[in-house]
Amino acid sequence: MLLVQLIYVSSISNGFTEDDIAQIIDSAKRNNLSRDITGILCFNRKYFLQCLEGSRAKVNEIYHKILNDKRHDNIIMLEYREISQRDFVDWSMGYVGDTSINEATNKMYSVSSEFDPYKVSGESAFLLLKHLSKTVNVV
Ligand SMILES: Cc1cc2nc3c(=O)[nH]c(=O)nc-3n(C[C@H](O)[C@H](O)[C@H](O)COP(=O)(O)O)c2cc1C
């Protein structure tokens, strides 16, 4: 089984509530743990930026569930690659909320100081996630 990493961006859909994010993190942790998937999820109350890593088949399985989730839309894959080691091995799904995503960080990886992952390359999205992983506050 090959080890892969997938990064995508998406937007909250209409009707998204505060409760939704807690439920998403709960099911992510439960499902990912049982599949040896690791990763990180960033959320600024408008956009999601997520990295999933693990076996190709299992990352694919979870990504299909995520694609069909009505709580978000405009899902764009930014990066998909085979990797030789994990970058987010400490978390079944580390969570970074908007208080950790500041203007200086956004400016470092994009052309703007706003968090808009639709405007970053796959490589910059990865580097942004690596940077933000230092501030994961829910393990
Ligand atoms: C932005 C976002 C990220 C998600 N990330 C994950 C994830 O990493 N793992 C996961 O199992 N489900 C994730 N989900 C939830 C799935 O879309 C789906 O609701 C869930 O896997 C269903 O779990 P269940 O079959 O155990 O009810 C995410 C949903 C959203 C909107």
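Residues numbered from 1 in each chain as written. Predicted model: local features only at pLDDT ≥ 70, side-chain atom pairs only at ≥ 80, totals over all residues. Heavy atoms only, no water.

Q: Could you clarify how one ought to interpret the packing of aromatic side chains in this entry?
A: Two numbers describe a pair of aromatic rings. These are the distance of the centres and the angle of the planes. Under the definition given, this model contains six aromatic pairs. For the ring pair phenylalanine 43 and phenylalanine 48, a centre distance of 4.5 Å and an interplane angle of 15° mean the geometry is stacked. Measuring from centroid to centroid gives 5.3 Å for tyrosine 47 and tyrosine 118, while their planes differ by 75°, and the two rings are edge-to-face. In this pair, tyrosine 47 is assigned in strand β3 (residues 47–55) and tyrosine 118 in the loop between α3 (103–109) and α4 (122–132), connecting sequence segments 71 residues apart. Take tyrosine 118: its relative accessible area is 26%, and that puts it in the partly exposed class. The positively charged end of arginine 81 is found above the aromatic ring belonging to phenylalanine 126, 4.6 Å away from the centroid. (Phe/Tyr/Trp six-rings, centres within 6.5 Å; stacked < 30°, edge-to-face > 60°. Helix = DSSP H or I, 4+ residues; strand = E, 2+ residues; numbered from the N terminus. Buried < 20%, exposed > 50% of the residue type's maximum accessible area, 1.4 Å probe, protein only. Lys NZ or Arg CZ within 6 Å of the ring centre and 35° of its normal.)

Q: How do you make sense of the layout of surface pockets when you look at a structure like this?
A: A probe matching the size of a water molecule, rolled over the atoms, marks out where space remains unfilled. In this model, the largest pocket occupies a volume close to 300 Å³. Surrounding the largest pocket, 17 residues form its lining, Ile24, Ser27, Ala28, Ile66 and Asp69 being those nearest its centre. Sorting the residues of the lining of the largest pocket by element identifies α1 (18–34), β3 and α2 (56–67) as the ones contributing at least two each. Considering every element that reaches the lining of the largest pocket, the biggest residue donor is α1, with five residues. (1 Å grid on protein atoms, 1.4 Å probe; cavity = no way out; pocket = protein on both sides within 12 Å on 5 of 7 lines; lining within 4 Å. Points joined across faces, edges and corners; volume = space filled by probe spheres on them.)

Purely geometric numbers; function is a separate question.
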